[in-house]
Amino acid sequence: MPKNKQHESRLKLLDAAMFVIRSKGYTATTVDDICAQAKVTKGSFFHHFKSKEELALATAEHFSLMAEGLFSEAAYRKLADPLDRILGYVDFRIMILDGELPEFTCLLGTMVQEAYQTHPAIQDACERYISEHALTLANDINLARDKYLPNATFSCESLAYYIQASIQGALILAKAKKGPGIARTCLGFLREHLAQMFCKSDKGRS
């Protein structure tokens, strides 16, 4: 098989796994499901991956790299004020709550809830990528703390994780409610809480 075809079929499998696992969960997803979604043969699957778990690990990395590109190019990253960037991040998370549940829920959060005891390699991968994403906020949190709360002693890393915990919880509620409305509401409260935490109100802030 030509290299470009190999790459194309592998990418189809990764994209299919992202969708199917977010739709059905890791345990319920089968290799047949992924092949059907990707429109490739089982032979093609096993040409690229030895097992469903190996595909899951590759898909976690694929998802993380896609997220990294999406967030790094978002408009809020260009804002001058660090608190504006933090609030802009939450606004952006609200904005991308669009489409069907498998299109906006978190692959990493979905997999780790099932696999944290039974599949340690998947747990490790999900923890690593979730943490890496959370800590992209820590520098802005540190700058905002220095600017608005110079006497505060809270951990910037812990606040970054709190923001991620709030987002993951909102996505779980979206699944429970079968729609993004509740997640938008929850993240709106998160935004308000962060604004008040740093400067009482984000109205009239320089």
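Below: a short report on this structure. (Residues numbered from 1 in each chain as written. Predicted model: local features only at pLDDT ≥ 70, side-chain atom pairs only at ≥ 80, totals over all residues. Heavy atoms only, no water.)

## Considering the overall build of the protein
Per the secondary structure count, the protein includes eleven helices and zero strands. Counting only C-alpha atoms, the protein reaches 60 × 35 × 30 Å along its principal axes. Expressed as a percentage of its 206 residues, the buried residues of the protein come to 44%. At a minimum sequence separation of 6, the contacts of the protein that also span at least 24 residues come to 67%. (Helix = DSSP H or I, 4+ residues; strand = E, 2+ residues; numbered from the N terminus. Buried < 20%, exposed > 50% of the residue type's maximum accessible area, 1.4 Å probe, protein only. Contact = heavy atoms within 4.5 Å.)

## Structural notes on the side chain of Thr-29
Structurally, Thr-29 is set in the loop between helix H1 (3-24) and helix H2 (31-38). Note on Thr-29: relative accessible area 2%, which makes it buried. From its side chain, Thr-29 meets the backbone oxygen of Gly-25 in a polar contact 2.7 Å long. Those residues in contact with Thr-29, other than ones at most four positions away along the chain, are Val-20, Ile-21, Lys-24, Ile-34 and Lys-52. (Polar contact = N/O pair within 3.5 Å; in protein donor to acceptor, adjacent residues only side chain to side chain.)

## Quick notes on the packing of helix H9 (residues 138-148) against helix H10 (residues 156-177)
In contact at an axis separation of 9 Å, H9 and H10 are set at 120 degrees when each is read in the N-to-C sense. On the basis of the axis angle, H9 is oblique to H10. Once H9 is placed against H10, the crossing between them reads as right-handed. Counting all contacts with H9, which are made through Ala-138, Ile-141, Asn-142 and Arg-145, the residues of H10 involved are Cys-156, Leu-159, Ala-160 and Ile-163. Each residue belonging to the contact of H9 with H10 can be placed in one class, and the counts come to six nonpolar, one polar and one charged. (Axes fitted to C-alpha atoms, helices over the stretch in contact; angles between N-to-C directions. Parallel < 35°, antiparallel > 145°, perpendicular 65-115°, else oblique. Left-handed = near helix turned anticlockwise from the far one by under 90°. Nonpolar A, V, L, I, M, F, W, Y, C, P; charged D, E, K, R; others polar.)

## Quick notes on the environment of Ala-170
Structurally, Ala-170 can be placed in helix H10. On the basis of relative accessibility, which here comes to 1%, the residue Ala-170 falls in the buried class. Counting along the chain gives 105 residues from Ala-170 to Leu-65, while the straight-line C-alpha distance between them is 22 Å. Here Ala-170 is in contact with Ala-183, Cys-186 and Leu-187, once residues within four sequence places are set aside.

## Some remarks on the environment of Leu-107
Mapped onto the fold, Leu-107 is located in helix H7 (residues 107-115). Judged by relative accessible area, Leu-107 falls into the buried class, the value being 0%. For Leu-107 and Ala-60, which are 47 residues apart along the polypeptide, the C-alpha to C-alpha distance reads 7.2 Å. In contact with Leu-107, not counting residues within four places along its chain, are Ala-17, Met-18, Ile-21, Arg-22, Thr-59, Ala-60 and Phe-63.

## Considerations on empty space enclosed by the protein
Evaluated as defined, the whole model comprises one cavity of 30 Å³ or more. Space inside the largest cavity adds up to approximately 40 Å³. Along the walls of the largest cavity sit Cys-106, Gly-109, Thr-110, Gln-113, Gln-168, Leu-171, Ile-172 and Lys-175, which together make up its complete lining. For the lining of the largest cavity, the elements supplying multiple residues, two or more each, are H7 and H10. Element by element, the count of residues in the lining of the largest cavity is highest for H10, at four residues. Residues belonging to the lining of the largest cavity are distributed by class as follows: three nonpolar, four polar and one charged. (1 Å grid on protein atoms, 1.4 Å probe; cavity = no way out; pocket = protein on both sides within 12 Å on 5 of 7 lines; lining within 4 Å. Points joined across faces, edges and corners; volume = space filled by probe spheres on them.)

## Brief notes about the layout of surface pockets
Roughly 760 Å³ of volume is contained in the largest pocket. Taken together, 34 residues form the lining of the largest pocket, with Ala-67, Glu-68, Leu-70, Phe-71 and His-133 sitting closest to its centre. Sorting the residues of the lining of the largest pocket by element identifies H1, helix H4 (52-72), helix H5 (82-95), helix H6 (101-104), helix H8 (120-135) and H10 as the ones contributing at least two each. Considering each element in turn, the lining of the largest pocket owes the most residues, nine residues, to H4. For the lining of the largest pocket, the residue count by class is 20 nonpolar, seven polar and seven charged.

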